[in-house]
Amino acid sequence: QTSDHGNYAIFIEAIGRKKVPSLLAVTGCEFMTGMAGWGGSNKEYFDKAGLSFDKIVSGTCLAEGPMADIDLVRERREQTKQALWEAIDKHISPNPVDVSE
C-alpha cells in the first residue's frame, strides 16, 4: 500500500464512510495541452489503483511567482475555478450526509 492508498482510505472510507462524494483536484497542469482533459485521460489509472473519484478536475492553482501573471495562467486559473465549482455543484449531496454512524 502506498501513502496515496492510505490517505484515500482515511478520507473516503474512515471520514466519509463512502457516503460523501469525492472530487480530486490535480494541479500543476497549467502548461499542458488539453489541461482540463487530463483527469478524464488518466481516470483509468486511478481506477486500476483502487482510487475512485466522482470527478477528477485538472488545472492550476498557480497564483504567485513570475508565471502567475502570464495571461494563459490567469485564464486557466479561472477555468480551473469554474470547473471545480461545476463539479461541486453537480456532485453535492442534496441532503446532509450523516457520517457519524
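Definitions and limits used
Numbering of residues begins from 1 in every chain and follows the order in which that chain's sequence is written. Given that the model is predicted, a residue must reach a pLDDT of at least 70 before its local features are reported, and side-chain atom pairs must reach 80 or more before they are shown or counted; all residues, however, enter totals for whole chains, interfaces and linings. Hydrogens and waters are ignored; side-chain quantities use all the structure's heavy atoms. A helix here means a DSSP run of H or I that spans at least four residues, while a strand means a run of E at least two residues long, and both kinds are numbered starting from the N terminus. Using a 1.4 Å probe on the protein chains alone, a residue whose accessible area is under 20% of its type maximum counts as buried, one over 50% counts as exposed, and one in between counts as partly exposed. For the charge count, each Lys or Arg is scored as positive and each Asp or Glu as negative, with His and the chain ends excluded. Definition used for salt bridges: Asp or Glu carboxyl oxygen within 4 Å of a side-chain nitrogen of Lys or Arg. Pairs of N or O atoms are called polar contacts if they sit within 3.5 Å, as long as, within protein, a hydrogen donor faces a hydrogen acceptor (for residues adjacent in sequence, only side-chain-to-side-chain pairs). Any pair of residues with heavy atoms lying within 4.5 Å of one another is described as a contacting pair. The arc refers to the directions leading from the helix axis to the C-beta atoms. Only the six-membered ring of Trp is used, alongside the rings of Phe and Tyr, when aromatic pairs are assigned; centres must lie within 6.5 Å, and planes under 30 degrees apart are stacked while those over 60 apart are edge-to-face, with the rest tilted.

Colleague: I would appreciate a short explanation of the side chain of Arg76 in the present structure.
Modeller: Turning to its location among the elements, Arg76 is positioned in helix α3 (residues 71-91). For the buried residue Arg76, which engages in no salt bridge, the nearest side chain bearing the opposite charge is Glu75, 6.0 Å off. Engagement of the side chain of Arg76 in a polar contact is seen with the backbone oxygen of Glu30, the distance being 2.7 Å. Those residues in contact with Arg76 that lie beyond four places of it in its chain are Cys29, Glu30, Phe31, Met32, Met35 and Thr60.

Colleague: Would you explain helix α2 (residues 38-48) in this entry?
Modeller: Because the α-helix completes a turn every 3.6 residues, residues three or four places apart line up on one side. Three or more residues of α2 are buried, namely Gly39, Asn42 and Phe46. All buried residues of α2 fall inside an arc of 90° around its axis, so they share one side. Seen from the buried face of α2, the exposed residues on the opposite side, beyond 90 degrees, are Gly40 and Lys48. Contacts from the buried residues of α2 go to β1 (23-26) and β2 (55-58). Note on α2: the residue one or two positions beyond its end, Gly50, has a positive phi of about 80°.

Colleague: Explanation requested: unusual backbone geometry in the structure shown.
Modeller: Where the residue is not glycine, phi is negative for most of them; where a peptide bond is considered, it is trans in most cases. The backbone of Arg17 sits at a positive phi, close to 55°, despite the residue not being glycine. Here Arg17 lies in the loop between α1 (3-15) and β1. If you check the backbone angles, Lys18 has positive phi at about 60° while not being a glycine. When you line up the elements, Lys18 lands in the loop between α1 and β1. Its relative accessible area of 63% is what places Lys18 among the exposed residues.

Colleague: Even after reading the chapter, I still don't get the packing of aromatic side chains, so can you show me in this structure?
Modeller: Within a pair of aromatic rings, the relevant descriptors are the distance that separates the centres and the angle that separates the planes. Using the criterion set out here, one finds 3 aromatic pairs in the structure. With a centroid separation of 5.6 Å and 85° between ring planes, the pair formed by Tyr8 and Phe53 is classed as edge-to-face. With Tyr8 in helix α1 and Phe53 in the loop between α2 and β2, the pair connects residues that are 45 residues apart, well separated along the chain. Like Tyr8, the residue Phe53 is buried in the burial classification. Three or more aromatic residues joined by ring pairs make a cluster, and in this case those are Tyr8, Trp38, Phe46 and Phe53.

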